[in-house]
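Structural characterization, general
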Amino acid sequence: MFDWNDLRFFLELQRSGRLLTAARRLNTTHATVARHIESIEKSLGTALFVQHAQGYEMTPAGEALLKHAEAMENVALLAQEEITQSTAPLGKIRVGVTEGLGIKFLASRMIGLFERYPGLEVELVAVPRFVSILNREAEISIHLERPSADMLVTRKLTDYRLALYASQTYLDNAPPLHSREDLGRHAWIGYVDDLLFSQELMFLNSFCRSPRVVFHSTSVIAQQEAARSGLGIAVLPCYMAASDPDLVVLLPDESIERSYWISTRRELHKSVRLRVVWDYVVGLCEAEQGLLRG
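What you see as residue numbers is a count from 1 along each chain, following the sequence as written. Whole-chain, interface and lining totals are the exception, using all residues; otherwise, since this is a predicted model, local features are given only for residues with pLDDT of at least 70 and side-chain atom pairs are given and counted only at 80 or more. The side-chain figures draw on all heavy atoms in the structure; neither hydrogens nor water molecules are used.

The name given to the protein chain in an unreviewed UniProt entry is LysR family transcriptional regulator, and the organism recorded there is Pseudomonas triticicola.

The structure is reproduced here in structure tokens:
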């Protein structure tokens, strides 16, 4: 029988793909991670990983072990959750969310949650990429596409509207803009196409067949700042731009709608502290439909 503790190292190496990354997440050394992997491989009599230049890839034996290791991890998490909730009902929850919603909407509206639950601690990971809850990067994830993994509990969080915005300075010096047909004569601000983390962000062509993009950024906040400076037209969520005094909405009848989805691992969904945060975010979005949907 192998040491059950070795499974922590096995799971972290599988999720990170690199010894150094796994060691950093486990607050140990890469030699220690390697030693635990070697120990479990020796006990099972088979290799669990193959090392490539890009990192570590699981063998068929590793794939077979993975589902059992995750099941054991889930049982341990549930046991910890059940015991700690009976003695200290609140604690830390990490929420992964897209940059715009996290920084421009959620962060300024979280105070009500802490007024109700002063023992709560929230880590808001607001980044321009997908935050994985399957890889334990967060307990709750809010993203642009509905995840399909069976291990998740998912629901639509809200629809939201995006519209065209530019500064008055830009409009004063740009060609006239009266209809959709005029958009091809203007400068645009958009994402870096080959670094898009979601196909839901490919929306410039929804407004203009051949937009002349002069500034690209992976950050929607950077795009907003570029539009405020007078650089061109940006497609921005209404909840970010509608109250910005330096931006003017263009062609108000031209807009598009997208959705946010919220999810968590199935075994965590009954967690008291997770449901406190989950229900607050859901309720917040329901109360702010006028803003979110423009």
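Turning next to the pairing of strand β1 (residues 49-52). Note: two strands are recorded as paired if DSSP finds a minimum of 2 bridges between them. Starting at the N terminus, helices and strands are each numbered in turn, a helix being any DSSP run of H or I of at least four residues and a strand any DSSP run of E of at least two. The pairing of β1 with strand β2 (residues 55-58) spans 4 bridges and is classified as antiparallel. Counterpart to F49 in the pairing with β2 is M58. What sits between the antiparallel neighbours β1 and β2 is a turn of 2 residues.

Moving on: the layout of surface pockets. As a volume, the second largest pocket reaches approximately 230 Å³. Every definition here rests on a 1 Å grid over the protein atoms only: cavities are sets of points where a 1.4 Å probe fits but cannot get out, pockets are open sets enclosed by protein on both sides within 12 Å along at least five of seven lines, and lining residues have some atom within 4 Å of a point. In terms of lining, the second largest pocket is formed by 15 residues, of which the most central are D193, M202, F203, L204 and N205. At the level of secondary structure, the elements contributing two or more residues to the lining of the second largest pocket comprise β7 (187-190) and β8 (212-216). Among the residues making up the lining of the second largest pocket, the classes are represented as 10 nonpolar, 4 polar and 1 charged. Grid points are joined across faces, edges and corners, and a volume is the space filled by probe spheres set on the points. Asp, Glu, Lys and Arg are counted as charged, while Ala, Val, Leu, Ile, Met, Phe, Trp, Tyr, Cys and Pro are counted as nonpolar; the rest, among them Gly, fall into the polar class.

By the definition in use, this model includes 2 cavities of 30 Å³ or more. Its volume calculated, the largest cavity comes out at about 160 Å³. For the largest cavity, the lining is made up of 19 residues, of which G100, Y191, L201, V220 and Y260 are closest to its centre. Mapped by element, the contributors of at least two residues to the lining of the largest cavity are α5 (99-106), β6 (152-166), β9 (233-237) and α9 (238-241). Considering each element in turn, the lining of the largest cavity owes the most residues, 3 residues, to α5. Class assignment of the residues belonging to the lining of the largest cavity gives a composition of 15 nonpolar, 3 polar and 1 charged.

With that settled, the discussion passes to the pairing of strand β10 (residues 248-265). In terms of strand pairing, strand β5 (residues 140-143) meets β10 through 4 bridges, oriented antiparallel. The partner of I142 across the bridge, within β10, is I262. Bridge count between β6 and β10: 14 bridges; the pairing is antiparallel. Residue pairing for β10: T154 is matched across the bridge by S263.

L101 and I142 are the most contacted members of the largest nonpolar core, which totals 64 residues. Ranked by residues supplied to this core, first place goes to helix α10 (residues 272-287) with 9 residues. Sequence-distant contacts of I142, defined by excluding residues within four places in its chain, comprise V95, G96, V97, T98, L101, L106, L157, Y260, W261, I262 and V281. Of all hydrophobic cores here, the second largest spans 19 residues; its members include F9, F10, L13 and F49. In this text, buried Ala, Val, Leu, Ile, Met, Phe, Trp, Tyr and Cys residues form a nonpolar core when linked through side-chain atoms within 4.5 Å. Burial classification: accessible surface area is computed with a 1.4 Å probe over protein chains only, and a residue below 20% of its type maximum counts as buried, one above 50% as exposed, and the rest as partly exposed. What makes two residues a contact is simply this: any of their non-hydrogen atoms within 4.5 Å.

UniProt positions are given in the numbering used here, feature names are shortened, and annotations may be inferred rather than shown by experiment. Under the local residue numbering, the UniProt record ascribes the feature "domain: HTH lysR-type" (unreviewed entry) to residues 2-59. In this annotation, residues 2-59 is assigned 59% helix and 14% strand; the end-to-end C-alpha distance for the span is 18 Å.

A few words now on the packing of aromatic side chains. The criterion for an aromatic pair is that two Phe, Tyr or Trp rings (for Trp, the six-membered ring) have centres within 6.5 Å, with stacked assigned to planes under 30 degrees apart, edge-to-face to planes over 60 apart and tilted to the rest. This model, assessed by the stated rule, comprises 6 aromatic pairs. Consider the rings of F10 and F49, whose centres lie 5.5 Å apart with planes at 50°: the pair is tilted. In this pair, F10 is assigned in helix α1 (residues 6-16) and F49 in strand β1, connecting sequence segments 39 residues apart. As far as burial versus exposure is concerned, F10 and F49 are alike and both buried. When the ring of F49 is compared with that of Y56, the centres are 6.2 Å apart and the planes differ by 85°; the resulting orientation is edge-to-face.

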